[in-house]
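# Fold and contact review
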Amino acid sequence: ALRSASCFRALVRKPSVLLVSIVAAHLEEIASLSEAYDESWDPVSMRIPDLDKVSLHGGRSGLGVLVEAARDTLLWLIQNSRKRADGLIETWWNAGSVVLRRLAVFGVAHSSDWPPDDKLGWVLERDLIYKVGFGQEASAVLKEAFRAASPEVKDRIVGAAMTVHQVPVSIGTIGYAGLSGR
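As the structure is a computational prediction, the values presented were derived from the model and not from experiment. (Residues numbered from 1 in each chain as written. Predicted model: local features only at pLDDT ≥ 70, side-chain atom pairs only at ≥ 80, totals over all residues. Heavy atoms only, no water.)

Tallying secondary structure elements over the chain gives ten helices and zero strands in all. Counting from the amino terminus, the chain carries its helices and strands in the arrangement α-α-α-α-α-α-α-α-α-α. Burial status across the chain gives 43% buried among its 182 residues. Accessible surface, the chain: about 10200 Å² in total, of which carbon and sulfur atoms supply 55%. (Helix = DSSP H or I, 4+ residues; strand = E, 2+ residues; numbered from the N terminus. Buried < 20%, exposed > 50% of the residue type's maximum accessible area, 1.4 Å probe, protein only. Areas by Shrake-Rupley, 256 points an atom, 1.4 Å probe, with all protein chains shown as cover.)

In structure tokens form, the structure reads like this:
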């Protein structure tokens, strides 16, 4: 038995398509079940707020194992198979699971082959600057890419950052509003 999900980093030397598919399917099923029970928030993201430190928040749980397996597989692909990693980032961004979408943003931040303007453009196209539930991952992309970006893209980022979106929040959903990521 695995004592901690951190074992995946050692095990995921050459991930298989099957592993990625199994992990994503389980995380999508969790999202579907939450939606079916009219949950207005993502239970995985609530339990695992920091994708860099999964083991601190839920690494010994089944959810932690799934998230860490997905993250470590994505990181391996970023280092060893850029086209597959880029495809996985886009696939996961379009998923129903918020945690898979967060992992897609995490992947953009960690993709050293992406030019800074492309990383920031990706964030801008998806309106992630103020998107609730994606702050940590979007901030990681900004931190990684802003300094080396072109002046034009920097201006677009600053313009987007200065635009504050008004989001109505009901009393019963304070703290959870928007965590469904949709």
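What follows continues from the structure just given.
The next subject is the nonpolar core. Grouped together as the largest cluster of nonpolar side chains are 47 residues, with contacts concentrated most on Leu27, Val67, Trp92, Trp122 and Leu128. Those elements that provide at least two residues to this core are helix 2 (17-36), helix 5 (62-80), helix 6 (82-93), helix 7 (98-110), helix 8 (116-125), helix 9 (135-145) and helix 10 (151-162). Broken down by element, this core gets its largest block of residues, ten residues, from helix 5. Aside from chain neighbours lying at most four places away, what touches Trp92 is Val20, Ala24, Ala70, Leu74, Leu100, Arg101, Leu103 and Ala104. (Core = buried A, V, L, I, M, F, W, Y, C linked by side-chain atoms within 4.5 Å. Contact = heavy atoms within 4.5 Å.)

This part covers the packing of helix 8 against helix 9. Interhelical geometry of helix 8 versus helix 9 gives an angle of 155° and a closest axis separation of 9 Å. In terms of axis orientation, helix 8 runs roughly antiparallel to helix 9. The way helix 8 lies across helix 9 gives a crossing that is left-handed. Contacts between helix 8 and helix 9 involve Pro116, Lys119, Leu120 and Val123 from the former and Val141, Leu142, Glu144 and Ala145 from the latter. For the contact of helix 8 with helix 9, the residue count by class is six nonpolar, no polar and two charged. (Axes fitted to C-alpha atoms, helices over the stretch in contact; angles between N-to-C directions. Parallel < 35°, antiparallel > 145°, perpendicular 65-115°, else oblique. Left-handed = near helix turned anticlockwise from the far one by under 90°. Nonpolar A, V, L, I, M, F, W, Y, C, P; charged D, E, K, R; others polar.)

What follows covers the packing of helix 5 against helix 6. Contact geometry of helix 5 with helix 6 gives a least axis separation of 6 Å together with a crossing angle of 140°. Of the possible angle classes, the one that applies to helix 5 and helix 6 is oblique. Judged by the twist between their axes, the crossing of helix 5 over helix 6 is left-handed. Two secondary-structure elements touch here, helix 5 through Ala70, Leu74, Leu77, Ile78 and Asn80 and helix 6 through Arg82, Arg84, Ala85, Leu88, Ile89 and Trp92. Residues belonging to the contact of helix 5 with helix 6 are distributed by class as follows: eight nonpolar, one polar and two charged.

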